[in-house]
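# Understanding the architecture of this molecule
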Amino acid sequence: MLLLNNWAHVKADQFIVGRVSSETKARLRALAEKELLSESALLRRLVELVLLKAGLSPILTEPPTGARSRRGARLMIRLRPDDQILLRERAAARGMPAATYVSVLTRAHLRSLAPLPAEELLALKRTLAELGSIGRNLNQIARAANQGQLVVSPGRDDLTAMIRVCGTLRDSLKRVLLANLKSWEQGSL
């Protein structure tokens, strides 16, 4: 049905009138409520769908110009009150506005991504920086040893400790990435 929303900006200045039975009206009302639409909005969609199926192309408007067009299309949705509360809570837990959270979730779902919020990305960058420092130190030690220089420090215990730190950092990275993946799939941190 999203395709039918392209005509939403077209000026709606005419009425189509028709009579239906009470049962048909009740069924239409039930369907509109289920779709979280007004009866009028549902009827507009149905008319456009029939016209589309009859081979009449939909009425399209020019895309908006200016800042909005650079940001992408705007999509409006309706949420039940309890879903709105959950959305706000989960967006707040990620440190994002609700609209940004929904946008990120939608993009992640459509493209099979597991996005990282800014705080988690910063923690991963810090961890990678620590691993880089350890790697540079080990390279300096290896270079000195390969050149026949006497390597006094670090000793065996120091190297064992560095390996332990690297293993701990690796395990921490795995946990963060797995927790991030699960949180986007399940919706909680």
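What you see is a predicted model, and the numbers here were worked out from it, not measured in a lab.

On to the overall build of the chain, then. A count of helices and strands for the chain gives 7 helices and 0 strands. Along the chain, from the amino end to the carboxyl end, the secondary structure elements read α-α-α-α-α-α-α. Out of the 189 residues in the chain, the part that is buried amounts to 16%. Counted over contacts in the chain with a minimum sequence separation of 6, partners at least 24 positions apart contribute 61%. Summing over all exposed atoms, the chain offers an accessible surface of approximately 15400 Å²; the carbon and sulfur share of this is 57%.

Turning our eyes to something else, we now look at the nonpolar core. Note that soluble globular proteins tend to have their nonpolar side chains buried in a common cluster. Within the largest apolar cluster, 5 residues are counted, these being Leu28, Ala32, Leu37, Ala41 and Leu42. Only α1 (22-34) and α2 (39-53) provide two or more residues apiece to this core.

This brings us to helix α5 (residues 98-111). Note on helix geometry: an α-helix contains 3.6 residues per turn, so any two residues three or four positions apart are oriented the same way. An ideal rise of 1.5 Å per residue puts 20 Å on 14 residues; α5 measures up with 20 Å between its terminal C-alpha atoms. Following α5 by one or two positions, serine 112 adopts a phi angle in the positive range, close to 55°.

Tallied over the entire structure, the rule returns 3 salt bridges. Ionic pairing is found between arginine 29 and glutamate 39, a salt bridge with its closest N-O pair at 3.1 Å. With arginine 29 in helix α1 and glutamate 39 in helix α2, the pair connects residues that are 10 residues apart, well separated along the chain. With relative accessibility at 36%, the residue arginine 29 sits in the partly exposed group. One network of salt bridges, with partners in common, ties together Lys25, Arg29 and Glu39.

If you want to describe how two helices pack, look at the angle between their axes and the distance between the axes. Where α1 meets α2, the closest approach of the two axes is 9 Å, and the angle between their N-to-C directions is 95°. What the angle tells us is that α1 and α2 run roughly perpendicular. Contact residues: α1 offers Lys25, Leu28, Arg29, Leu31 and Ala32, while α2 offers Glu39, Leu42, Leu43 and Leu46. When grouped by side-chain class, the residues that make up the contact of α1 with α2 number 6 nonpolar, no polar and 3 charged.

Nonpolar side chains collect at one region of the surface, where Ile16, Val47, Leu51 and Leu56 lie side by side and expose about 360 Å² of accessible area between them. Inspection of the secondary structure assignment puts valine 47 in helix α2.

Attention now goes to the packing of helix α4 (residues 81-93) against α5. Close contact between α4 and α5 brings their axes to 9 Å; oriented N to C, the two are set at 85°. When the axis of α4 is compared with that of α5, the two are roughly perpendicular. Residues Leu87, Arg90 and Ala91 of α4 touch α5, and the partners they reach there are Ala98, Tyr101 and Val102. Looking at the contact of α4 with α5 residue by residue, the classes come out as 5 nonpolar, no polar and 1 charged.

For the rest of this paragraph, the subject is α1. The end-to-end C-alpha distance of α1 is 18 Å, a good match for the 18 Å that 13 residues give at a rise of 1.5 Å each. Of the residues one or two after α1, leucine 36 is the one with positive phi, at around 60°.

Quick look at the confidence of the model for the chain now. A low pLDDT means the predicted coordinates there should not be read in detail. Confidence in the prediction for the chain averages 76 pLDDT; 79% of positions are at 70 or higher. Across residues 1-9, confidence stays below pLDDT 50; counting only partners more than four residues off in sequence or on other chains, it has 17 contacts. The model gives residues 61-69 a pLDDT under 50, and that stretch makes 5 contacts with residues more than four places away or in other chains.

About the cut-offs
- Numbers given to residues run from 1 along each chain, matching the order in which its sequence is written.
- Under the rules for a predicted model, residues below a pLDDT of 70 receive no local features and side-chain atom pairs below 80 are neither given nor counted, while totals for whole chains, interfaces and linings still include all residues.
- As a convention, hydrogens and water are excluded, and side-chain values are obtained from all of the structure's heavy atoms.
- Segments assigned H or I by DSSP are reported as helices when at least four residues long, segments assigned E as strands when at least two residues long, and all are numbered from the N terminus.
- Only protein chains enter the accessibility calculation, which uses a 1.4 Å probe; a residue whose area is less than 20% of its type maximum is buried, one above 50% is exposed, and one in between is partly exposed.
- What makes two residues a contact is simply this: any of their non-hydrogen atoms within 4.5 Å.
- Only the protein chains shown count as cover for residues, and the accessible areas themselves come from Shrake-Rupley with a 1.4 Å probe.
- Grouping buried Ala, Val, Leu, Ile, Met, Phe, Trp, Tyr and Cys residues that are joined through side-chain atoms within 4.5 Å yields what is termed a nonpolar core.
- In this scheme, a helix's expected span is set at 1.5 Å multiplied by one less than its residue total.
- For this document, the term salt bridge refers to a Lys or Arg side-chain nitrogen within 4 Å of an Asp or Glu carboxyl oxygen.
- Axis geometry follows a simple rule: fit a line to the C-alpha atoms, using only the stretch in contact for helices, then measure angles between N-to-C directions, giving values from 0 to 180 degrees.
- Just so you know how the angles are binned, under 35 degrees is roughly parallel, over 145 roughly antiparallel, 65 to 115 roughly perpendicular, and the rest oblique.
- Lys, Arg, Asp and Glu make up the charged group, whereas Ala, Val, Leu, Ile, Met, Phe, Trp, Tyr, Cys and Pro make up the nonpolar group; the residues left over, Gly among them, are polar.
- Patches in this entry comprise residues that are over 30% relatively accessible and not in a salt bridge; like charges within 9 Å are linked, as are nonpolar side chains (Val, Leu, Ile, Met, Phe, Trp, Tyr) within 5 Å.
- Note: pLDDT gives the predictor's confidence per residue, expressed from 0 to 100.

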